[in-house]
Amino acid sequence: MNSQWLTNYDPNDKQFWEKTGKKIAWKTLTITTIALTISFITWFLFSVVVIKLPKIGFDFSDDQLFWLAAMPGLAGGLLRILNTFLIPLLGTRKVITITTLIKIIPLLMLGFAVMNPETSYRYFMLIAFLMGIGGGDFSSYMPSTSLFFPKKELGTALGIQAGIGNFGVCLVQLLSPLVLSLGIFSFVGGGEIIAETGQVIFLENVAFIYVVPLFLVGIWAWVSLKNIPVTASFKEQLDIFGDKHTWYCTLTYFMTFGTFAGLAAAFPMMIKSLYVPLEADLDPLKYAFYGPLIGSLVRVIFGKIADKTGGAILTHITGIALIILFAILILGGYLTPTAIEQFPVFVTIILLIFFFTGVGNAATFKQFPIIFSDSPRRAAGVIGWTSAIAAFGPFVFNVLITQSRTITGDTRLFFGLVFIICIWATFVNWKFYTRKGCERPS
């Protein structure tokens, strides 16, 4: 094999790990985590864009905007399924490089689209779907990382990568409002006038600003990353679907990351549709980034905690907390507000949901390698698959929120469904992974 492939790489060999493996693993984690952070930024970029499009003259309804916010989630889920199988076929170096550089294309498309008032809704839908490329990466990046680290440090490593990667959601919602007023790309034209105020903003900035970082990280990945041989054909990798625990893990991870990603994508539009009618000056983007920020930081912190406590108990606590919080959200009238005074409590509940999904995200990724400890390759595949299904969260939340509004006039029907899923997932986690004498304690 050539120098890009690492033979005899065994991170569980203490002597090898201290002498050689640790340096390689942490270098790989650094590069892939930076790349993953930008991936999450591109994946959730439309959660910002949809808030601003009507303000610069695009005549799209709230339901159309929910669909725009949903499309990256649909693509992210579909592409995560593909990414699940890429590492054994192509290796870390090629996968990280290609997936990093390819995201430049939809970013350029978006930047020029918002500068043209004649851009059609269908074209925006296409761009939104292509932004889902950033969501697909997770299912190859995380399995790759799981191959480089010893079992005793997997919770920490995966918690750091996923947590900092998830921070991209917060970053895009925090930075975007700050760069809108800067004419840094004026050499290509641009500058859009907010219809009701006459203020000029540069919405193209939120797309163009990430092009150069993506290019530089892509080159860095190609020059610096190595591959660990994992021999398995596409057909051989399908063996994970014959194990019932693959499906149980999928359910618990949808409860945690599916909720995190879904709420992160829908939170700005929820504020816009529920509370802006009660207070016209309310800016959703001033609040939206707090949720992903909390969830991301908690995921990093609890990755290390999960290494000490085990993941199952933390997942169990997460499930119970989410059940209580969704019940309060539904029954307390915060999804059908009648006064702006309800807004602070609504935001508090949502932020607590983000907190516990962060705990659960760290816990589940500690669990999965233990549940499938007999095969690191299968464990990596399950990590990829479960994250693929959970990546449909933004699509599920935005589309079913729209459908719930159409059927009943509000969103309680959808969040009632989420409430039931949390009960189901918590029971499964308790029965198979948490209770005394369970099948696969983790």
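Just above, that's the structure.
It should be emphasised that the depicted structure is a prediction, and the values quoted were computed from it without experimental measurement.

Considerations on the overall build of the protein
Regarding its fold elements, the protein presents 21 helices and two strands. Over its C-alpha trace the protein gives a radius of gyration of 21 Å, about what one expects of a compact globule, namely 22 Å for 442 residues. Dimensions of the protein along its principal axes, counting C-alpha atoms only, are 65 × 50 × 35 Å. The buried share of the protein, taken over its 442 residues, is 60%. Across the protein, contacts joining residues at least 24 apart in sequence account for 82% of those joining residues at least 6 apart. As displayed, the protein offers around 17000 Å² of accessible surface, 67% of which is attributable to carbon and sulfur atoms.

Thoughts on helix H6 (residues 104-113)
Count 3.6 residues to each turn of an α-helix, and residues three or four apart come out pointing the same way. A large share of H6 lies buried, amounting to seven of its 10 residues. Looking at the buried residues of H6, the elements they touch are helix H1 (14-43), helix H2 (46-52), helix H5 (92-102), helix H7 (121-131), helix H11 (205-208) and helix H12 (211-224).

Re the nonpolar core
In this structure, Leu68, Phe346 and Phe415 are the most contacted members of the largest nonpolar core, which totals 136 residues. In terms of residue count, the dominant contributor to this core is helix H14 (residues 244-274) (16 residues). Those residues within four positions of phenylalanine 346 in sequence are excluded, and the remaining contacts are Phe267, Met270, Ile271, Leu274, Tyr275, Leu329, Tyr334 and Leu335. Grouped together as the second largest cluster of nonpolar side chains are seven residues, Val298, Leu314, Val359 and Ala363 included.

Focus on H7
Buried within H7 are the following residues: Tyr121, Phe124, Met125, Ile127, Ala128 and Met131. Viewed end-on, H7 has its buried residues packed into an arc of 165 degrees, placing them on one side of the element. Lining the buried residues of H7 we find H1, H2, helix H3 (62-83), H6 and helix H8 (133-136).

Regarding unusual backbone geometry
Positive phi, normally seen in glycine, also occurs at asparagine 8, with a value near 60 degrees. Considering the arrangement of structural elements, one finds asparagine 8 in the segment before H1.

A look at the side chain of threonine 92
For threonine 92, the location among the structural elements is in helix H5. Looking at threonine 92, the relative accessible area reads 2%, which means it is buried. Aside from chain neighbours lying at most four places away, what touches threonine 92 is Ile87, Ser144, Phe148, Leu225, Lys226 and Asn227.

Here we look at the side chain of arginine 80
Along the polypeptide, arginine 80 turns up in helix H3. If near-sequence neighbours (up to four positions away) are discounted, arginine 80 is found in contact with Phe40, Trp43, Gly135, Gly136, Phe138, Ser139, Phe257, Gly384, Ser387, Ala388 and Ala391.

Looking at the packing of helix H20 (residues 393-408) against helix H21 (residues 412-434)
Direction vectors running N to C along H20 and H21 enclose 130 degrees, while the axes themselves pass 7 Å from each other. By the angle between their axes, H20 is oblique relative to H21. Each of Val396, Phe397, Leu400, Ile401, Ser404, Ile407 and Thr408 in H20 lies in contact with H21, whose residues at this interface are Arg412, Leu413, Phe414, Phe415, Leu417 and Val418. Of the residues belonging to the contact of H20 with H21, the class tally is 10 nonpolar, two polar and one charged.

Notes on the packing of helix H18 (residues 343-371) against helix H19 (residues 376-390)
The interhelical angle for the contact between H18 and H19, taken along N-to-C directions, is 140 degrees, at an axis separation of 8 Å. The handedness of the crossing between H18 and H19 is right-handed. Residue-level contacts link Phe365, Phe368 and Pro369 of H18 to Ala379, Ile383, Thr386 and Ser387 of H19.

Overview of the packing of aromatic side chains
Enumeration according to the criterion identifies 44 aromatic pairs in this entry. Relative to phenylalanine 44, the ring of phenylalanine 40 lies with its centre 6.4 Å away and its plane at 5 degrees, an arrangement referred to as stacked. Its relative accessible area of 0% is what places phenylalanine 40 among the buried residues. Its relative accessible area of 2% is what places phenylalanine 44 among the buried residues.

Some thoughts on the pattern of salt bridges
Taken as a whole, this structure holds 11 salt bridges when the rule is applied. In this structure, arginine 378 and aspartate 243 form a salt bridge, with 3.4 Å as the shortest nitrogen-oxygen distance. Separated by 135 residues along the polypeptide, arginine 378 in helix H19 and aspartate 243 in the loop between helix H13 (234-237) and H14 bring together distant segments of the chain. Per residue, the accessibility class of arginine 378 equals that of aspartate 243, and both read buried. Through salt bridges with shared partners, a single network forms among Asp239, Asp243, Asp374, Arg378 and Arg440.

Brief notes about a nonpolar patch on the surface
A contiguous nonpolar surface patch, about 600 Å² in accessible area, is contributed by Val212, Phe215, Leu216, Ile219, Trp222 and Val223. Inspection of the secondary structure puts valine 223 in helix H12. On the accessibility criterion, valine 223 (59% relative accessible area) is exposed.

Quick notes on the rules
- Sequence order as written defines residue numbering, which begins from 1 separately in each chain.
- Residue-level local features of this predicted model are given only where pLDDT is at least 70; pairs of side-chain atoms are given and counted only at 80 or more, and the full residue set underlies all totals for whole chains, interfaces and linings.
- As a rule here, side-chain values cover all heavy atoms of the structure and leave hydrogens and water aside.
- The numbering of helices and of strands both runs from the N terminus, where a helix is a DSSP run of H or I of at least 4 residues and a strand a run of E of at least 2.
- Throughout, the radius of gyration refers to the C-alpha atoms, and the reference size of a globule is 2.2 Å times the residue count to the power 0.38.
- Under the scheme applied here, a residue whose accessible area is under 20% of the maximum for its type counts as buried, over 50% as exposed, and between as partly exposed, the area being computed with a 1.4 Å probe on protein chains only.
- Any pair of residues with heavy atoms lying within 4.5 Å of one another is described as a contacting pair.
- Only the protein chains shown count as cover for residues, and all accessible areas are computed by the Shrake-Rupley method using a 1.4 Å probe.
- Nonpolar core, defined: a set of buried Ala, Val, Leu, Ile, Met, Phe, Trp, Tyr and Cys residues in which side-chain atoms within 4.5 Å join the residues together.
- What the arc measures is the spread of directions leading from the helix axis to the C-beta atoms.
- Orientation is described by lines fitted to C-alpha atoms, with helices fitted over the stretch in contact, and by angles between N-to-C directions that extend from 0 to 180 degrees.
- Any angle from 65 to 115 degrees is called roughly perpendicular, while one under 35 is roughly parallel, one over 145 is roughly antiparallel, and all others are oblique.
- Each residue is assigned to one of three groups, with Ala, Val, Leu, Ile, Met, Phe, Trp, Tyr, Cys and Pro labelled nonpolar, Asp, Glu, Lys and Arg labelled charged, and all others, Gly among them, labelled polar.
- In this scheme the handedness of a crossing depends on how the near helix is turned from the far one: anticlockwise by less than a right angle means left-handed, clockwise means right-handed.
- Pairing of aromatic rings covers Phe, Tyr and Trp, the last counted by its six-membered ring, and requires centre-to-centre distances within 6.5 Å; plane angles under 30 degrees mean stacked, over 60 mean edge-to-face, and any other angle means tilted.
- By salt bridge we mean one thing: a side-chain nitrogen of Lys or Arg within 4 Å of a carboxyl oxygen of Asp or Glu.
- A patch is a set of surface residues, each over 30% in relative accessible area and not in a salt bridge, joined within 9 Å for like charges and within 5 Å for the nonpolar side chains Val, Leu, Ile, Met, Phe, Trp and Tyr.

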